[in-house]
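Residues per chain are reported as follows:
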Amino acid sequence: MLDNNLIQSTSSWPFVEVRKLLKDRKEIIRKKKKITFQTGYGPSGLPHIGTFGEVARTSMMINALNFIEKIDHELITFSDDMDGLRKVPDNIPNEEILKKNLGKPLTSIPDPFKKFNSFGEHNNEKLKEFLKRFNFRFNFKSSTDNYQKGIFNDSLIRVIEKYDEIMNIILPTLREERRKTYSPFLPICKKTGKVLEIPLVDMNKKTGKVVFKHNNERIETSILDGNCKLQWKVDWAMRWFTFDVDFEMYGKDLTESAILSNKICRALGKNPPNGFAYELFLDEKGEKISKSKGNGISIEQWLRYASPESLSLYMYPNPKRAKKLYSEVVPKTVDDYLTYIEKFPTQELKDQILNPVWHVHNGKPPSEKIIMPFSMLLNLVGSSNADNKEILWKFVNKFHKEINRRDHKILDNLTEYAINYFKDKVEPNKKFKKPNDNEKKALENLISKLKELSQSLTPEEIQTHVYTVGKENGYEKNLRDWFKLIYEVVFGETNGPRMGFFISFFGLNETIK
């Protein structure tokens, strides 16, 4: 357990939110002797990083809770897999299968990947696979299972008992035409298997028997046992009510929906959970990342290019600030991770708690001397033409025999990630610059200077000499252009490593060649 003064004073957001949760729901938690967290997933498309972010960030809060108070807790990851499929996602094979089944619950649609019993089950299993890879502890719940097995039955009766109150909450938010047909209950059509949005004309609040009007026909059914599902704002509130949820975070775009669901939860008879609205993830064009579009970078892509810990790190800072999420973000995030790992052992406890790796590693980040940034490793991949980690390690050990794989596990893992990222993202976009006469002369002067230097110089001392040559060759007013020239001629890129470090590691003679 941490010192209480530190717990109460730290500005680390997981601690801030847990402190607020324990204060706001003090009596509720005292009676339950348990705290229930929930995250939601809409499996109409493959799991994306936004879904992962909710689980990662909520898990960081649970980690903070474990250092504050020993209390039973649970993280529910809930899948809305009984929702009707509204449109065909862009990134799915065999789209004809989905087109033929539009409007049906996701768990009633055949799997276009042909691996599981349904499209919904496929996406659920992919989500669980990813979350388990990150060692998250969670209790997965399926909407279909909870409806069809009757787990929601008592709550559904509560919804129909409070029908008028719920309608008074929802109807003022709808357009006039929609008000005429809106029902919180959506029947599953016995003929087509589709989720229907049709008007409710009669109900029995005790038995749950209901009558809908559809194409001038009366459809009689029950709200129980999966014969109906709820409109999602009502559904969200009903889940909070059923599972006694204490905390759930959600995207900023759902803020208005959360306000309505809070009101509905109170109408059902319970206090709604504490909420946390995070900003959205954007692709390189500044557009919202969508599971149906498959834009941005996928979880699989990130894990091909970098460690799970780096992805968790990406989720930690400033959840209420929008983040751009595309492949070029990966190297910087990895470098940030390495910097935080390197700083951690020398920090005071109050600063360690503010260090993101404390939250990524549940308070126990690994201890390892960081040899080089990921950006530098990418340049070594290009310089060595390595296509596997064994070749890259031989190249590293050619210059630094003292660096071994056994004592540098983080670096060892990064070698494979660097090769993958270089092959996919760096090499295809390389454009080597042919210097003009003035630029060529400046570079020749740099070579002459490097020949005069001793390998015993520190990286910073070498960097100073590179600066000086730039200033002496017409770049004194814009050294950025000087380094850009070096990067474009040597690496075929507009950005590159800190040259003093690269030259020191790679060797003066090798750099000159």
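**With respect to the overall build of the chain**
- Tallying secondary structure elements over the chain gives 25 helices and 12 strands in all.
- Each principal axis of the C-alpha atoms in the chain carries an extent, and together these give about 95 × 55 × 45 Å.
- Scored against the burial criterion, the 513 residues of the chain give a buried share of 52%.
- For the chain, contacts bridging at least 24 residues in sequence account for 68% of all contacts bridging at least 6.
- Accessible area of the chain: about 25,300 Å², with a carbon and sulfur share of 46%.
- Charged side chains of the chain number 84 positive and 69 negative; the gap between the two group centres comes to 3 Å.

**Here's the deal with the pairing of strand S6 (residues 209-214)**
- Examined bridge by bridge, strand S5 (residues 200-203) and S6 share three bridges and lie antiparallel to one another. Within the sheet, the bridge partner assigned to Met-203 lies in S6 and is Val-210.
- Two successive antiparallel strands, S5 and S6, enclose a turn made up of five residues, where Gly-208 displays a positive phi of approximately 85 degrees.
- Taken together, the six bridges between S6 and strand S7 (residues 217-222) define a ladder with antiparallel strand orientation. In the sheet register, Lys-213 faces S7, and the bridge partner there is Arg-218.
- The turn joining S6 and S7, which pair antiparallel and follow one another in sequence, is formed by two residues; a positive phi near 50 degrees is taken by Asn-215.

**Thoughts on the state of the cysteines**
- With the rule as written, the count across this model stands at zero disulfides.
- The structure places no disulfide on Cys-189, whose sulfur is separated from the nearest cysteine sulfur, that of Cys-228, by 11 Å.

**Digging into empty space enclosed by the protein**
- Under the defined criterion, the tally for this structure stands at one cavity of 30 Å³ or more.
- In this structure, the largest cavity occupies an estimated 40 Å³ of space.
- As for the largest cavity, its lining consists of Leu-338, Glu-368, Lys-369, Ile-370, Ile-371, Met-372, Ile-410, Leu-411 and Leu-414.
- With three residues, helix H20 (residues 409-426) is the single largest residue contributor to the lining of the largest cavity.
- Its residues assigned to classes, the lining of the largest cavity shows seven nonpolar, no polar and two charged.

**Considerations on helix H2 (residues 13-24)**
- For H2, built from 12 residues, the straight-helix expectation of 16 Å at 1.5 Å per residue is met to within 8% by its first-to-last C-alpha distance of 16 Å.
- Turning to H2, its buried residues number three or more, namely Trp-13, Pro-14, Phe-15, Glu-17, Val-18, Leu-21 and Leu-22.

Cut-offs and rules
- Residues numbered from 1 in each chain as written.
- Predicted model: local features only at pLDDT ≥ 70, side-chain atom pairs only at ≥ 80, totals over all residues.
- Heavy atoms only, no water.
- Helix = DSSP H or I, 4+ residues; strand = E, 2+ residues; numbered from the N terminus.
- Buried < 20%, exposed > 50% of the residue type's maximum accessible area, 1.4 Å probe, protein only.
- Contact = heavy atoms within 4.5 Å.
- Areas by Shrake-Rupley, 256 points an atom, 1.4 Å probe, with all protein chains shown as cover.
- Lys, Arg positive; Asp, Glu negative; His and termini not counted.
- Charge placed at Lys NZ, Arg CZ, Asp CG, Glu CD.
- Pairing = 2+ DSSP bridges.
- Disulfide = S-S within 2.5 Å.
- 1 Å grid on protein atoms, 1.4 Å probe; cavity = no way out; pocket = protein on both sides within 12 Å on 5 of 7 lines; lining within 4 Å.
- Points joined across faces, edges and corners; volume = space filled by probe spheres on them.
- Nonpolar A, V, L, I, M, F, W, Y, C, P; charged D, E, K, R; others polar.
- Expected span 1.5 Å × (residues − 1).

So yeah, pure geometry; function would need other evidence.
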